[in-house]
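Fold and geometry: a report
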Amino acid sequence: MIRGEKIYLRPIQKSDLTYLYQWKNDEETFMYLGGGFLPTSIDQLEKWMDVMIDTTGRDKRFIICDNDGSPKGMVGLYDIEWIHRTCEIGVYIGDKDAKGKGYGKEACLLTEKYAKKYLNLRKIKLSVVSDNKRALNMWESLGYKKVGEYIAERYIKGAYRNLTIMEKFID
Ligand SMILES: CC(C)(COP(=O)(O)OP(=O)(O)OC[C@H]1O[C@@H](n2cnc3c(N)ncnc32)[C@H](O)[C@@H]1OP(=O)(O)O)[C@@H](O)C(=O)NCCC(=O)NCCS
């Protein structure tokens, strides 16, 4: 477990399938994420569980739980580059009632600390849809700096959206 104040992070397990199924099928949460909003069956997701639970490769995903042990969302480090010591970060709070309670920000902070102290990484990168103000605010408040913006990069809900690229040095 990676313990914080309001939450802790734990590895994904196969029994999380029902949570992942609910979260993945929520348009509001997924439309701004990399894969976009794509309604997905529980059977299809089940095929992905071997990938999701695997923490041995270049991606490390964690379930965000409140202190009562209730799953609230997911945070992950992706495409870890061991030579350059960089990676990308992604996060979502899938439980609608859990948004805006500080869980997303704390999950990112805990993940950053883990990346620095245990994986010896030095820089974290991300891309965020420029219209996604809540996420943009969060990344800025965590100290990520904008390094550029792709124009009309993603097609979401009937419109092309810009994509902001950000980075943070954690060493
Ligand atoms: C973005 C997301 C992860 C934030 O998690 P959260 O738990 O709801 O956010 P928190 O309560 O931790 O707040 C973090 C910061 O977000 C910003 N924020 C939170 N709620 C906000 C709102 N309603 N409007 C604008 N900004 C808001 C604030 O800057 C806040 O930091 P502060 O409290 O220090 O000012 C969450 O809303 C989510 O899952 N969104 C959908 C998926 C997504 O967009 N993921 C990020 C992709 S790059």
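One structure accompanies this document, and this report is about it.

Rules behind the numbers
Residues numbered from 1 in each chain as written. Predicted model: local features only at pLDDT ≥ 70, side-chain atom pairs only at ≥ 80, totals over all residues. Helix = DSSP H or I, 4+ residues; strand = E, 2+ residues; numbered from the N terminus. Rg over C-alpha atoms; globule rule 2.2 N^0.38 Å. Buried ≥ 20, exposed ≤ 12 C-beta atoms within 10 Å, placed from the backbone. Contact = placed C-beta atoms within 7 Å. Near = placed C-beta within 6 Å. Nonpolar A, V, L, I, M, F, W, Y, C, P; charged D, E, K, R; others polar. Core = buried A, V, L, I, M, F, W, Y, C linked by C-beta atoms within 7 Å. Arc of directions from axis to C-beta. Pairing = 2+ DSSP bridges. Axes fitted to C-alpha atoms, helices over the stretch in contact; angles between N-to-C directions.

**Examining the overall build of the protein chain**
Looking only at helices and strands, one finds five helices and eight strands in the protein chain. Across the protein chain, helices and strands are ordered from the amino to the carboxyl terminus as β-β-α-α-α-β-β-β-α-β-α-β-β. Taking 171 residues into account, the globule formula puts the C-alpha radius of gyration at 16 Å, and the protein chain, at 15 Å, falls close to it. Expressed as lengths along the three principal axes of its C-alpha atoms, the size of the protein chain is roughly 40 × 40 × 30 Å. Looking at the protein chain as a whole, 23% of its 171 residues qualify as buried. In the protein chain, the proportion of contacts linking residues at least 24 apart, taken out of those at least 6 apart, comes to 56%.

**Points about the site of the ligand**
As a matter of local geometry, the ligand sits amid 22 residues, with Lys 99, Gly 104, Lys 105, Asn 137 and Met 138 nearest to it. Sorting the residues of the shell around the ligand by element identifies β5 (86-93), α4 (103-117), β6 (123-129) and α5 (133-141) as the ones contributing at least two each. A per-class count over the shell around the ligand returns 10 nonpolar, seven polar and five charged.

**A look at the nonpolar core**
In this structure, Ile 64, Val 75, Ala 107 and Leu 126 are the most contacted members of the largest nonpolar core, which totals 27 residues. Those elements that place two or more of their residues in this core are β2 (7-11), β3 (60-66), β4 (71-81), β5, α4 and β6. Apart from residues lying up to four places away in sequence, Val 75 is in contact with Leu 9, Phe 62, Ile 64, Val 91, Ala 107, Cys 108 and Thr 111.

**Comments concerning unusual backbone geometry**
Trans peptide bonds make up most of the peptide bonds, and negative phi angles are found at most residues other than glycine. One non-glycine residue, Asp 79, lies in positive phi territory at about 50 degrees. By the element assignment, Asp 79 lies in strand β4. Overall, Asp 79 belongs to the exposed group, with 10 C-beta atoms counted inside 10 Å.

**Digging into the environment of Arg 85**
You can see Arg 85 is positioned in the loop between β4 and β5. Residue classification places Arg 85 among the partly exposed residues on the basis of 16 C-beta atoms within 10 Å. Look past the residues within four positions of Arg 85 in its chain and what remains in contact with it is Asn 120, Leu 121, Arg 122 and Lys 123.

**Looking at helix α1 (residues 17-24)**
Leu 20, Trp 23 and Lys 24 are the residues of α1 that are buried. One side of α1 carries all its buried residues, which in axial view fall inside an arc of 95 degrees. Against the buried residues of α1 lie α2 (27-30) and α3 (42-53).

**What to know about the sheet that holds strand β7 (residues 145-156)**
Pairing is mixed in the open sheet, where eight strands are placed in the order β1-β2-β3-β4-β5-β6-β8-β7. Both edges of this open sheet fall to β1 (2-3) and β7, since each of them pairs with a single strand only. For β3 and β4, the ladder comprises six bridges, and the chain directions are antiparallel. Bridge pairing in β4 places Ile 63 opposite Met 74. Sheet strands touched by α5: β6 and β8 (159-169). Its angle to β6, the strand with the most contacts, is close to 160 degrees.

**Focus: the environment of Asp 131**
Residue placement: Asp 131 occurs in the loop between β6 and α5. According to the C-beta neighbour criterion, Asp 131 is partly exposed, with 17 such atoms within 10 Å. In the structure, Asp 131 is positioned 32 residues away from Leu 163 in sequence and 8.4 Å away in space, judged by C-alpha atoms.

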